[in-house]
Amino acid sequence: PDPTPLMPALTGSFSSPAGGNPTGAMVEAAYRHHGVLARFVNCDVPPEHLPDAVRGAIAMGWIGFNLSLPNKQAVIPLLDGLAPSAALIGAVNCVQITPGALIGNNTDGQGFVQALRERRDPQGLRVVLFGAGGAARAIAVELALAGVARLTIVNRTVERAEEIAAIVRENSAAEAIAVAWDGSFPIPADTDVVVNGTSIGLAPDTDARVDLVAESILPTMLVCDVIPNPPDTMLLREARAQGAATLDGRAMLANQAAINLNLWMGLDPDRDVMRTALDAAIGDWRH
Ligand code: NDP
């Protein structure tokens, strides 16, 4: 036996339910590909156990962890500091454990904006965003910081959209409009990008439809969905039928995981490796 066995760097995720979370598959594929001695442990941690889980991670020398539902806000009082965009978003999905401090970041919206940048320069875009939950909020803040010109936030519970619009107006030069989503929403013809930031379309409810006027989607628009499973949502199929370009939720998910590895260990992982692992995990997750 090796008298000085190497110790893996420890990372993981605290959420509940945790089953089906594909992040571990992507992250461990990157660790293997890059020969990094590290592990990612997917832990089912309900909010009442979150303080103990965080203390445990510190005690065991973890270098960082992810948070997913329902812990993204509950973790904030346990941290020493927040990255500026995480403070605006009010939710944390990635914590760095440094010797003196726990730092919270939000990389969901950054993952989306990185995926968008491969298709369109965000500067000056006019965006319609459906939803005002955690994912939409992260996307709205990062789009505003990336220089979009106009953000129309459409949500069933309009107060949540108004709250995000106010944050965007206070922290960027973007015009931000909150709209109550009651009935089929017509996309304004001058819109560049449409984003579904709601949970509509997530398996198993794959027949659920983002209620918009399909004919108002124009071939000039890029239509994006946050839903990673199944990636080809009804919204994206409708958009293609109207001649629009589409961007599914997988790139956002792989990008946020890649950004997390950069925060934890300065690794710039091969995104194709992570995407391939994600596709395999989504295949398992759906059945
Ligand atoms: P939240 O529960 O915080 O928000 C859900 C949002 O969807 C709210 O705006 C809610 O509206 C809206 N909504 C849900 N059902 C309906 C409906 N039937 N009609 C109209 N609006 C509806 O969830 P999250 O924001 O955390 O997550 C949303 C989705 O984003 C999830 O499906 C998740 O899989 C995906 N996601 C994808 C990521 C990726 O990397 N690809 C990363 C993070 C999330 P209201 O406010 O009125 O309730």
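Okay, so let's go over this structure. (Residues numbered from 1 in each chain as written. Predicted model: local features only at pLDDT ≥ 70, side-chain atom pairs only at ≥ 80, totals over all residues. Heavy atoms only, no water.)

**Side note on helix H5 (residues 134-145)**
- The end-to-end C-alpha distance of H5, which contains 12 residues, comes to 17 Å, matching closely the 16 Å that a straight helix rising 1.5 Å per residue would cover.
- Among the 12 residues that make up H5, nine are buried, leaving the element largely enclosed by the rest of the structure.
- Every buried residue of H5 is accounted for by Ala136, Arg137, Ala138, Ile139, Ala140, Val141, Glu142, Leu143 and Ala144.
- Just past H5, the residue Gly147 takes up positive phi, approximately 95 degrees. (Helix = DSSP H or I, 4+ residues; strand = E, 2+ residues; numbered from the N terminus. Expected span 1.5 Å × (residues − 1). Buried < 20%, exposed > 50% of the residue type's maximum accessible area, 1.4 Å probe, protein only.)

**Some points on the packing of aromatic side chains**
- Tallied over the entire structure, the rule returns five aromatic pairs.
- Here the aromatic rings of Phe130 and Phe185 are separated by 5.7 Å at their centres, their planes lie at 90 degrees, and the arrangement is edge-to-face. With Phe130 in strand E7 (residues 126-130) and Phe185 in the loop between strand E9 (175-180) and strand E10 (193-196), this residue pair connects regions lying 55 residues apart in the sequence. Judged on exposure class, the residue Phe130 and its partner Phe185 are both buried.
- Chaining the aromatic ring pairs together yields one cluster made of Phe14, Trp62 and Phe65. (Phe/Tyr/Trp six-rings, centres within 6.5 Å; stacked < 30°, edge-to-face > 60°.)

**Looking at the environment of Glu118**
- With respect to the helices, strands and loops of the structure, Glu118 is situated in the loop between helix H4 (108-117) and E7.
- For Glu118, a relative accessible area of 67% translates into the label exposed.
- Residues Glu118 and Asp279, 161 residues apart in the sequence, show an inter-C-alpha distance of 19 Å.

**A short note on the site of the ligand**
- Neighbouring residues of the ligand: 22 residues in total, closest Ala135, Asn155, Thr157, Arg160 and Val226.
- Backbone polar atom of Gly133 to an oxygen atom of the ligand: 3.4 Å apart, as the coordinates give it.
- Separating an oxygen atom of the ligand from a side-chain N or O atom of Arg156 is a distance of 2.9 Å.
- Contact with the protein chains removes 76% of the 930 Å² of surface that the ligand exposes when unbound.
- One can see that the ligand is located within the largest pocket.
- Taken together, the elements giving at least two residues each to the shell around the ligand come down to H5 and helix H8 (250-265).
- By residue class, the composition of the shell around the ligand is 10 nonpolar, nine polar and three charged. (Near = heavy atom within 4 Å. Polar contact = N/O pair within 3.5 Å; in protein donor to acceptor, adjacent residues only side chain to side chain. Areas by Shrake-Rupley, 256 points an atom, 1.4 Å probe, with all protein chains shown as cover. 1 Å grid on protein atoms, 1.4 Å probe; cavity = no way out; pocket = protein on both sides within 12 Å on 5 of 7 lines; lining within 4 Å. Sits in = over half its atoms within 2 Å of the grid points. Nonpolar A, V, L, I, M, F, W, Y, C, P; charged D, E, K, R; others polar.)

**Quick word on the nonpolar core**
- Membership of the largest hydrophobic core comes to 32 residues, with the highest contact counts inside it found for Phe112, Val127, Ile139, Leu143, Val168, Val193 and Val195.
- Among the secondary structure elements, those contributing two or more residues to this core are H4, E7, H5, strand E8 (150-155), helix H6 (158-171), E10, strand E11 (222-225) and H8.
- In terms of residue count, H5 provides more of this core than any other element does, five residues in total.
- If we skip the residues at most four places from it in the chain, Val168 touches Ala140, Ala144, Leu151, Ala174 and Ala176.
- Within the second largest apolar cluster, 17 residues are counted, among which are Ala30, Tyr31, Ala258 and Leu278. (Core = buried A, V, L, I, M, F, W, Y, C linked by side-chain atoms within 4.5 Å. Contact = heavy atoms within 4.5 Å.)

**Comments concerning the layout of surface pockets**
- Computed from the structure, the largest pocket encloses a volume of approximately 1500 Å³.
- Lining the largest pocket are 49 residues, and of these Ser68, Leu69, Lys72, Ala135 and Ser199 lie nearest its centre.
- The set of elements that each furnish at least two residues to the lining of the largest pocket consists of strand E1 (9-15), strand E3 (64-67), H5, H6 and H8. (Points joined across faces, edges and corners; volume = space filled by probe spheres on them.)

Take it as geometry only, folks, not as evidence of what the structure does.
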